[in-house]
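Overview (structure and organization)
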Amino acid sequence: MTTRRTRPAPRPPEGSPPRTELARQARAVLADAVRIAHWAAGTPGPGTAAPLAAHALERAAAALELSPAQIRAGWDRARLAGLIELHGDTARPGWRLRAWDRDDSAVLRGWVALFDAWSLVHAAPADIEAGAVAEAVEAVPQVLSLLQLSAGPVTVPALLDLLGQRVAELREERCEVPLGPGRTTPAAPAEPPARAAAAENGAGPARSADLNALLLDWALEGLAAVGALTLGKGHATLTPLGNWAVWVKLEQICVAAQSPAGNIEQSAADMLLGCARLTPGPARAEYRAWLAARTVGSAVAELLAVARGEDALLRGLAFEALRVVGAPAEPEVRAVLAEPSLRPYALLWLAEYEGNDPDDAQDVLSREEATWLWVDTAAAVADHGETGLLVRHLDSAVQGTVPALLDEVRAVGHPRTVQVLVALAAAHPDPALAKAVRRAAFQVHTGGA
């Protein structure tokens, strides 16, 4: 029996509740989303896609005894937290849903994904310009940092002042003109705490202050909606989950800043090439730094796109980087099993992910898959390595003898077979063996037996 290895969630900062308690809180925040995800995953047929079709909405509300509004909200949260995946018109359980009851790391990562999407969970007022909303979203990390540093309630006027300062800095960095008196802001039906504070303290020009107050109210309500903070009368406080999430983000920034080879801003292909000559430890540090600066989904997609390219070296390195990603990459890696060029790499990745010893992982490959991988690795060596390494690569073939290897290499259909055999023939010091390899290359090239 093997033990599944998952990428652990970051440890809670000192003084915060243990991870099991944080996971319990995260499960509570997403309880309705989990119920809806289980319902959608067990409801085949069209209609369970986004947006949720009317008849599916009615069926879900009846089955789960929730209101349509609760169903819509839970459905959005389930998608944002990675609990369900959409395939055309059908919803399937995501890896986090499958691991939800047994894996605290999956729960916490799902909640962090929801936390990152707070501005989607709680939509901004429709009559505020998109640019102003974007400025507020960009300024919120500063607000969260103040809340964390304060380690307790922070008054709304203090948060409003910080938001206004940060928005002004962003506009100055972009050389933009501040809001003029002609800018209008809508009046809300109630008097949320930030706008009340703005009116009471006379913060800045009236219209600009009122807009910032409206945006702060929206941000605080959105963060409260995902369980990151609580709102009191005139103040806000981070929840243990919110405190942990801010700490995680700060830790990721620190990791990203520690990239010794400076590959953080590079594309996946350039980053992998930059890591090609690093030893495993420093290479993994680069992978972690590069990944920390991106969302998991976009990073995995970019790595797999590189793996589909013609460079065999980058293909192998892409899967090495995916090993650092760990559990969040499992669905995407499993999905490429149907692609012949990626299947051997994906099988090895999954075998190691499921707990097999790396030395025994080769056993999951069929003879044909192992031969295809041998040719692909030889192509990487021929393109980027030394001739001596290509000769030594012969010893890693599963066939055991050169004639058997050549027979199976000719049959496997790898697009680089001819180039690999020609390079091997040129590099091998044994004239008789080199002649046999050249003959095999000629036969593949001409289509002969």
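As shown above, the structure is provided for reference.
Read on for a plain summary of the structure. It should be emphasised that the depicted structure is a prediction, and the values quoted were computed from it without experimental measurement.

1. Things to note about the overall build of the chain
What the chain contains, in helices and strands, is 23 helices and five strands. Counting over 449 residues, the chain shows a buried share of 45%. Surface exposure of the chain reaches about 21800 Å², of which carbon and sulfur atoms provide 55%.

2. Notes on the packing of helix H15 (residues 296-307) against helix H16 (residues 312-325)
Between H15 and H16, whose axes approach to 8 Å, the crossing angle comes to 160°. When the axis of H15 is compared with that of H16, the two are roughly antiparallel. The crossing of H15 and H16 is left-handed. On the side of H15, the interface is formed by Val-296, Val-300, Leu-303, Leu-304, Val-306 and Ala-307, while H16 contributes Leu-314, Arg-315, Ala-318, Phe-319, Ala-321, Leu-322 and Val-325. Of the residues that constitute the contact of H15 with H16, the class distribution is 12 nonpolar, no polar and one charged.

3. Concerning the nonpolar core
Counting 67 residues, the largest nonpolar core has Leu-83, Trp-111 and Leu-147 as the members making the most contacts within it. The element best represented in this core is helix H11 (residues 206-225), accounting for nine residues. Contact partners of Trp-111, with chain neighbours within four places excluded, come to Ala-26, Val-29, Leu-30, Val-226, Gly-227, Ala-228, Leu-241, Gly-242, Trp-244 and Ala-245. In terms of nonpolar packing, the next biggest core, distinct from the first, is built from 64 residues, Leu-291, Val-300, Ala-327 and Leu-394 among them.

4. Side note on the side chain of Arg-171
Take Arg-171: it is sitting in helix H9 (residues 156-173). Within the structure, the side chain of Arg-171 is placed 3.0 Å from the side chain of Glu-135, a separation counted as a polar contact.

5. Section: the packing of aromatic side chains
For the coordinates displayed, the defined rule picks out four aromatic pairs. Here the aromatic rings of Trp-111 and Phe-115 are separated by 5.4 Å at their centres, their planes lie at 20°, and the arrangement is stacked. Of the two residues, Trp-111 and Phe-115 both sit in helix H6 (residues 104-116), four residues apart, roughly one turn of that helix. For the ring pair Phe-319 and Tyr-345, a centre distance of 5.5 Å and an interplane angle of 20° mean the geometry is stacked.

The rules we used
- Residues numbered from 1 in each chain as written.
- Predicted model: local features only at pLDDT ≥ 70, side-chain atom pairs only at ≥ 80, totals over all residues.
- Heavy atoms only, no water.
- Helix = DSSP H or I, 4+ residues; strand = E, 2+ residues; numbered from the N terminus.
- Buried < 20%, exposed > 50% of the residue type's maximum accessible area, 1.4 Å probe, protein only.
- Areas by Shrake-Rupley, 256 points an atom, 1.4 Å probe, with all protein chains shown as cover.
- Axes fitted to C-alpha atoms, helices over the stretch in contact; angles between N-to-C directions.
- Parallel < 35°, antiparallel > 145°, perpendicular 65-115°, else oblique.
- Left-handed = near helix turned anticlockwise from the far one by under 90°.
- Contact = heavy atoms within 4.5 Å.
- Nonpolar A, V, L, I, M, F, W, Y, C, P; charged D, E, K, R; others polar.
- Core = buried A, V, L, I, M, F, W, Y, C linked by side-chain atoms within 4.5 Å.
- Polar contact = N/O pair within 3.5 Å; in protein donor to acceptor, adjacent residues only side chain to side chain.
- Phe/Tyr/Trp six-rings, centres within 6.5 Å; stacked < 30°, edge-to-face > 60°.

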